[in-house]
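So the chains spell out like this:
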Amino acid sequence: MTIQEQSLPVFASDGEVLRDRVASFAANQLFGGRPDLLHGPNPYRRTLVPEALAEVDFDRPLGAREFASSRALTVHRILGTYYESETVLLPEQGLAGLRPDFEAFYGEELRRIRESSLSDLERFAFGFLDGEVEVSGDCTPEVLDTYLRHLVDEAARGDSPALDAIATAADRPAAADTYLVQLALDGLTEASAMSRNLGGAYGPEQSALFKVFIDEFGYGVHESKHTTIFTKMLGSRGMASHVHAYWNFYLPGPIAINNHYYLLSRDHAKFFRYAGAVAYAEAVFAPAFVKMIKVFRDVFGDDVDLHYCDEHAHIDEHHGRITREEILLALAERHGNHVVPELMRGIAEARMLGGWFEDDTAAQITWSDTIPRHRELAADATLDGPPERAERTRGAAFHTRNHDHAVVLEIEDGEAELVTSATGTPTPLAKGDAVLVPAGRVYGVRALSDASSHLLHPVRTSA
Ligand SMILES: [Fe+2]
Ligand SMILES: [Fe+2]
């Protein structure tokens, strides 16, 4: 068995067509943003940052190494919104006052745009996977099992860069909250992608998946639903728990991993990849949550409700066994060796994207925790070329973004604050103040005076 790289795939439509469709979707008034850092309890509104969208080159699909790029953040936000438009989202407080937003979010205008561009947007965001991993050679259920066990052992024994970053941060509570925020995208809508694999007729493996699914849904008891106990964990930290309060703070790696499960679940030609991915994910969750419990207890003592983590440390032992024995290996036995490469690809993809989650989250935690150091680095940086200029007014819609290369952010006029995490203290910046923003790091700038402007200087180093 070998895993090797292939060439990148070709688009069905040209980049211009895709750009126009996506831009017309993002231009809807639902997606313009609001002044607050957090989104309100309205699941239909989320900021899609038209300014960053205008910079996206749609002629060149995303590559595997640019998971934290500006294009990745912009496109995965939109793709995730497309996918969630195919799930039922209703606000906990009721629809009163939100009926027009509900109508617009699920309405024909946006639906037609989505339907005419979803496949191309998926190709744009994930087409590299076709070329990234090719499995060939002697693919038997035994090889498959060995491969899964090897990778699961590797994950269980390995470090978690994101949890390590929390443990070593100066502001450990804010760092831990950043980690919780990244779990929230999935946690608040848990197992939604999985639900798309429950229909049809595929024998005992279908019933095995249903067993896992119904656990995720608390066996029909809302209080026990994983999403419900996730909201209690957020609540114990004083954090908001509506969909998607922390939209502005989701990082591209974590959004991509969520979108990947929708990708594999929407297109049933990818069903065997889904089965591989879910077997890997369920098997690595249990040890990952054990590590998380340790770090979070160290940070918060008993002041955090970790029932969600305890539940997963327990039940995902069970789910790991079911998805391995009763789904993954059972599918291989029933359908033959020719499906094994797809099952293995799913495992490899889930592992790769899991690495993105870790690396992206760790990098954000570390940067956000060391802003004073990045003010010093800005002073030492070698600037390279003319800056871009951006303006903010007090009370304007807040948004976050990132850049593909390091920039020095310098306040040109007025007073502003730099926001790099959902719950940490923003950094006030006056005229002339500068901060190095490393490539990929997500930030927002909010005016503290009536108006402010800042410059984004390209930096020569790869900081
Ligand atoms: Fe779960
Ligand atoms: Fe599970």
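Since the structure is predicted, the reported quantities are computational estimates derived from the model, not experimental observations. Each residue is numbered by its place in its chain's sequence as written, counting from 1. As they are written, the chains are lettered A onward and the ligands numbered 1 onward, keeping that order. In keeping with the model being predicted, local features are shown solely for residues with a pLDDT of at least 70 and side-chain atom pairs are shown and tallied solely at 80 or more, while totals for entire chains, interfaces and linings include all residues. The side-chain figures draw on all heavy atoms in the structure; neither hydrogens nor water molecules are used.

Visitor: Give me the lowdown on the coordination of the iron ion (ligand 1), citing residues and values where you can.
Guide: Donor atoms are limited to N, O and S found within 2.8 Å of the metal ion, a distance that becomes 3.2 Å for Na, K and Ca. With water left out, some sites might look partial. Binding of the iron ion (ligand 1) to the protein goes through Glu190 (OE), Glu216 (OE), His226 (ND1) and His312 (NE2), at separations of 1.9 to 2.2 Å. Think of it this way: with four donors and all angles in the 85 to 135 degree range, the site is tetrahedral; with four or six donors, opposite ones beyond 155 degrees and the rest between 65 and 115, it is square planar or octahedral; otherwise it is irregular. Around the iron ion (ligand 1), the four donor atoms sit at angles spanning 82 to 165°, and that spread fits a shape best called irregular. Read N to C, the donor residues that coordinate the iron ion (ligand 1) are spaced as E-x25-E-x9-H-x85-H. Separating the iron ion (ligand 1) and the iron ion (ligand 2) is a distance of 4.1 Å, and Glu216 donates to both of them. On the criterion of sequence distance, the pair formed by Glu190 in the loop between helix H9 (172–187) and helix H10 (204–216) and Glu216 in helix H10 is long-range, its members being 26 residues apart. Each member of the pair, Glu190 as well as Glu216, carries the same accessibility label: buried. Every helix listed is a DSSP run of H or I at least four residues long, and every strand listed is a run of E at least two residues long, numbered separately from the N terminus. Partly exposed describes any residue whose relative accessible area lies between the buried limit of under 20% and the exposed limit of over 50%, with all areas from a 1.4 Å probe on protein chains only and scaled to the type maximum.

Visitor: Explain the coordination of the iron ion (ligand 2) to me, using residue names and the numbers behind them.
Guide: Protein-derived coordination of the iron ion (ligand 2) comes from Glu216 (OE), Glu282 (OE), Asp316 (OD) and His319 (ND1), at a distance range of 2.1 to 2.4 Å. Seen from the iron ion (ligand 2), its four donor atoms lie at angles of 77 to 157°, and the figure they make is irregular. Taken in sequence order, the residues that donate to the iron ion (ligand 2) follow the motif E-x65-E-x33-D-x2-H. His319 gets classed as buried once you look at its relative accessible area, which sits at 0%.

Visitor: Please provide a residue-by-residue account of the pattern of salt bridges, values included.
Guide: Salt bridges are defined as contacts in which a side-chain nitrogen from Lys or Arg sits within 4 Å of a carboxyl oxygen from Asp or Glu. Enumeration according to the criterion identifies 38 salt bridges in this entry. Salt-bridge contacts for Arg71 lead to Glu66; the nearest nitrogen and oxygen are separated by 2.8 Å. On the accessibility criterion, Arg71 (4% relative accessible area) is buried. A relative accessible area of 18% places Glu66 in the buried class. Between Arg196 and Glu86 there is a salt bridge; the shortest N-O distance is 3.0 Å. Taken together, the residues span a long stretch of sequence, with Arg196 in the loop between H9 and H10 and Glu86 in the loop between helix H3 (70–84) and helix H4 (99–106) at a distance of 110 residues. Judged by relative accessible area, which is 26%, Arg196 ranks as partly exposed. A residue is classified by how much of its surface remains accessible, and Glu86, at 37% relative accessible area, is partly exposed.

Visitor: Mind laying out the packing of aromatic side chains, listing which residues take part and the relevant values?
Guide: Aromatic rings in a pair are described by how distant their centres are and how their planes are angled relative to each other. Any two rings among Phe, Tyr and Trp, with Trp reduced to its six-membered ring, count as a pair given centres within 6.5 Å; such a pair is stacked if its planes are under 30 degrees apart, edge-to-face if over 60, and tilted if neither. Within the structure shown, the criterion is met by 24 aromatic pairs. Centroid distance Tyr179 to Phe296: 6.1 Å. Interplanar angle 55°. Geometry classified as tilted. Of this pair, Tyr179 sits in helix H9 while Phe296 sits in helix H13 (residues 271–300), placing them 117 residues apart in sequence. We classify Phe296 as buried; its relative accessible area is 0%. Members of the aromatic cluster, connected to one another through ring pairs, are Tyr44, Phe102, Phe105 and Tyr106. Criterion for a charge above a ring: Arg CZ or Lys NZ at most 6 Å from the ring centre, at most 35 degrees from the ring normal. In this structure, Arg46 packs its charged tip against the face of Trp247, placed 4.7 Å from the ring centre. We note Lys225 situated over the ring of Phe217; from NZ or CZ to the ring centre the distance is 4.6 Å.

Visitor: Help me get a handle on the domain arrangement of the protein, residues and values and all.
Guide: Start and end points for every domain follow an automatic or database-based domain assignment. On domain assignment, one finds that the protein holds domain 1 (1–369) and domain 2 (372–458). In this structure, domain 1 and domain 2 have C-alpha centres spaced 29 Å apart. When two parts are put together, the accessible area they lose, computed with a 1.4 Å probe and summed over both, is reported as buried area. Each partner contributes to the roughly 2400 Å² buried at the junction of domain 1 and domain 2, and carbon and sulfur atoms together form 56% of this total. Looking at the side of domain 1 facing domain 2, the largest losses of area belong to Leu37, Phe249 and Trp367, adding up to 30% of the total buried there. Remark: the boundary between domain 1 and domain 2 carries two salt bridges. Ionic pairing is found between Arg401 and Glu55, a salt bridge with its closest N-O pair at 2.9 Å. Among the secondary structure elements, those contributing two or more residues to the side of domain 1 that touches domain 2 are helix H2 (50–54), H3, H9 and helix H15 (340–369). Among the elements that make up the side of domain 1 that touches domain 2, the one with the highest residue count is H15 (five residues).

Visitor: Can you tell me about the side chain of His226, naming the residues and giving the values?
Guide: You can see His226 is positioned in helix H11 (residues 226–236). On the basis of relative accessibility, which here comes to 0%, the residue His226 falls in the buried class. Of the polar contacts made by the side chain of His226, one reaches the side chain of Glu190; its length is 3.3 Å. Not counting chain neighbours up to four residues away, the residues in contact with His226 comprise Glu190, Asp215, Glu216, Tyr308, Glu311, His312 and Ile315. Identification of polar contacts relies on pairs of N or O atoms within 3.5 Å, with a donor-acceptor requirement for protein atoms, meaning one able to donate a hydrogen and the other able to accept it, and with residues adjacent in sequence counted only if both atoms are side-chain atoms. Any two residues whose heavy atoms approach within 4.5 Å are treated as being in contact.

Visitor: Break down the sheet that holds strand E7 (residues 434–437) for me, with residues and values.
Guide: Two strands form a pair only when DSSP identifies at least two bridges running between them. Spatial strand order, E3-E9-E4-E7: four strands in an open sheet with antiparallel pairing. Of all strands in the sheet, those with a lone pairing partner are strand E3 (388–393) and E7, marking the two edges. With direction set aside, neighbouring strand axes in the sheet form an average angle of 25°. In this sheet, strand E9 (residues 451–458) lies alongside strand E4 (residues 407–413) in antiparallel orientation, the contact comprising six bridges. For Leu409, the partnering residue across the bridge sits in E9 and is Leu456. Throughout, an axis means a line fitted to C-alpha atoms (over the contacting stretch in the case of helices), and angles, computed between N-to-C directions, take values from 0 to 180 degrees.

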